[in-house]
Every structure is written in C-alpha cells, then in structure tokens.
Amino acid sequence: MATTVCTWNINSVRLREPIVLKLLQEQQPDVLCLQECKALVELIPTQNFADLGYKYMVARGQKGYNGVAILSRIPMTDAGHRQFVGKKDARHCAATLENGMTIHNFYVPAGGDIPDVEKNDKFDHKLKFLNEMRDWFHDDSPEKSVLVGDLNIAPREDDVWNHKQLLKIVSHTPIECEHLAQVQDSANWVDITRQDIPDGNLYSWWSYRARDWDAADKGRRLDHVWATPDISNAAHSSRVYRDARGWEKPSDHAPVFATFDL
DNA sequence: ATGTCAACGGCGCGTTGA
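Heads up: these notes are all about the structure in this document. These numbers were taken from a predicted model, which means no experiment stands behind them.

This brings us to the packing of helix α3 (residues 121-140) against helix α5 (residues 174-186). Interhelical geometry of α3 versus α5 gives an angle of 15° and a closest axis separation of 7 Å. Here α5 runs roughly parallel to α3, going by the angle between their axes. Read as a crossing pair, α3 and α5 show a hand that is left-handed. Contact residues: α3 offers F123, K126, L127, L130, N131, M133, R134, F137 and H138, while α5 offers I175, E176, H179, L180, Q182, V183 and S186. Taken together, the residues of the contact of α3 with α5 sort by class into eight nonpolar, five polar and three charged.

Shown next as structure tokens:
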C-alpha cells in the first residue's frame, strides 16, 4: 500500500480552511500534517475535513500561536506528544497509522531575528529545542517513523536563494545547521525530500514581504520530511507543491509531499 | 534581506510573533 504524506505550515487553520479543503480535494494525500494552526483544538474546523473523508485527527493546540495537527483519511491512533524546553506550547504531536508507521509532526521555534543566544531568548529557545529533540531521538531510537514539519532551518546551500547572504540570517546560520544535523544524526533520519530531489535549489517558504515572491524567488527550504532508515527505501515521489503558495489568501509556506510504499 | 501577514484584546488599532 502507498501512503502519501503532506506537511504544510498553514499560518492559521481557521483563516485558511478554504485552501486546506482545496489541497485535500485536489491532491488527496492520505495524511496532512499542519503547523501554526493558531487555534485551540476545539476551534479547528474539522467538519468540512471529515466531509471530504479526513475523519481522523490528532492535534495539539493553544490560543493564538503555534499548534500542530495531523489529519488523515486512514485510521490512526494518538502516539503522544512531548513538551520541549519546559514550555507548554503546542509544537509536537504524533500518530501511528494502521501499517505501523508513526508520524511525528513538529513546529520548531523560529528563533527571532538576532542569531545570538546572549542577546535573543528566542534563539536560545530554538537551539535548546533542537538539543532536546536530539536527546529524545537518541534515547528513543525510533523505528518505522516519519518526522515532518516546519523545522525553521534551511540546512543546505541550495536550500536558500543565496547562501552567502543568509549565513547570518536566522534559519541558515552554521550553528543552527549544526544543531539540526545533530537531530538528524540522533536516529539516522534520512532527508527524504533530498533523497528524491538531490540536486538544485529547492524551497518551501517565500516571505510575504517580497513584492513578487514568484519572480524574486528568494525562498528557503524550511519544511522537511525525514524517515528512519528502515523505511527510507520505501519513500518516493517527493515534491514541493509550489502552486499553493500562489493561491488566494496563501500561507507563506508551500506543502511538501512524500509517498511511502508501506 | 525586505517589509507583509495573523491573532489578540476588545471594537480601533497597537503589540507580538513570524
């Protein structure tokens, strides 16, 4: 059986309910992982998702900020969630599908503007969050697992529009990239998107502030799909669905897809 | 780099976070 997973930072699930429905209807992923729902779980508009067949949901929410949800048209069970850096914010949830595959959905802190832990608490928070992810997966040794989400880091030179210009910009600094590499190494996570699309610039986020995001194309690859080595060879057909960035009232992120033959 | 969104509190728009 093929299972298609999609991850999308939606930047308010209530405001963007219409384009979530459009994506589900048009692309029909089996599982859709959302970040930045910006709503309490009970305020997520689940009825119309269920009417399209997506009747299963595992979610974590809070008022106004963060929030993660996994929508599915195939049965799944809640696989728990973790708190990071001693905060009660909703940045992780997990679900296990009937085929035994566990999906971790993450929203890593953005980290503010100044890449200095002394001057910027948000940057300190981001690095601590990544350290806790690393330690958890090191101790837990996940199997048959997929990790998706907005990791708020574009690790490779070809994951940003200009490597040199972004070296001191939060999301592409060497210290963040090193922290993310340690998370990846902690369970030998395979970057499925780059396994499938190894060469060339690839982005999943374009700022709202650009005059013409499409023409300027000053993007970054902040959204990721990883898998544990035991299932990495079952993955294929990765893609960034760039069209969705140009839809009516868009998110600043595009959906990222991968399919697993499991 | 540039400079636009969205939620909130509470009903007009400044603040916070991205």
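Burial analysis of strand β12 (residues 223-227) places five of its five residues in the buried class, the great majority of the element. Neither face of β12 is open: one carries D223, V225 and A227, the other H224 and W226, and all of them are buried. Where strand β8 (residues 145-150) meets β12, five bridges bridge the pair, whose relative direction is antiparallel. Looking across to β12, one finds that L147 is bridged to W226.

Within the open sheet, the six strands sit side by side as β3-β4-β2-β1-β14-β13. Their pairing is mixed. At either margin of the open sheet sits one strand with a lone partner, and together these are β3 (56-60) and β13 (235-240). Strand after strand, the sheet turns through a mean of 15° between neighbouring axes, direction not considered. Running at roughly 160° to strand β1 (residues 2-9), helix α1 (residues 17-27) makes contact with β1, β2 (31-35), β4 (68-72), β13 and β14 (256-261) of the sheet.

Close contacts around DNA strand B come from 21 residues, with S12, Y208, R209, R211 and R220 the closest. Interatomic distance of 3.3 Å between a backbone N/O atom of G64 and a phosphate oxygen of DNA strand B. A distance of 3.3 Å separates a sugar or linking oxygen of DNA strand B from a polar side-chain atom of Y107. Grouping the amino acids of the surface near DNA strand B by side-chain chemistry returns six nonpolar, four polar and 11 charged.

Looking now at the layout of surface pockets. The volume enclosed by the largest pocket comes to roughly 660 Å³. Lining the largest pocket are 22 residues, with A110, D113, W205, R209 and R220 sitting closest to its centre. The residue makeup of the lining of the largest pocket, split by class, is seven nonpolar, seven polar and eight charged. As a volume, the second largest pocket reaches approximately 300 Å³.

A word on α1. Taken as a whole, α1 has its buried residues at E17, I19, V20, L21, L23 and L24. Tucked inside the fold, the buried residues of α1 contact β1, β2, α2 (46-51), β4 and β14. Among the residues trailing α1, Q28 stands out with phi positive, at a value near 45°.

The rules we used
- Residues numbered from 1 in each chain as written.
- Chains lettered and ligands numbered in written order.
- Predicted model: local features only at pLDDT ≥ 70, side-chain atom pairs only at ≥ 80, totals over all residues.
- Heavy atoms only, no water.
- Axes fitted to C-alpha atoms, helices over the stretch in contact; angles between N-to-C directions.
- Helix = DSSP H or I, 4+ residues; strand = E, 2+ residues; numbered from the N terminus.
- Parallel < 35°, antiparallel > 145°, perpendicular 65-115°, else oblique.
- Left-handed = near helix turned anticlockwise from the far one by under 90°.
- Contact = heavy atoms within 4.5 Å.
- Nonpolar A, V, L, I, M, F, W, Y, C, P; charged D, E, K, R; others polar.
- Buried < 20%, exposed > 50% of the residue type's maximum accessible area, 1.4 Å probe, protein only.
- Pairing = 2+ DSSP bridges.
- Near = heavy atom within 4 Å.
- Polar contact = N/O pair within 3.5 Å; in protein donor to acceptor, adjacent residues only side chain to side chain.
- 1 Å grid on protein atoms, 1.4 Å probe; cavity = no way out; pocket = protein on both sides within 12 Å on 5 of 7 lines; lining within 4 Å.
- Points joined across faces, edges and corners; volume = space filled by probe spheres on them.

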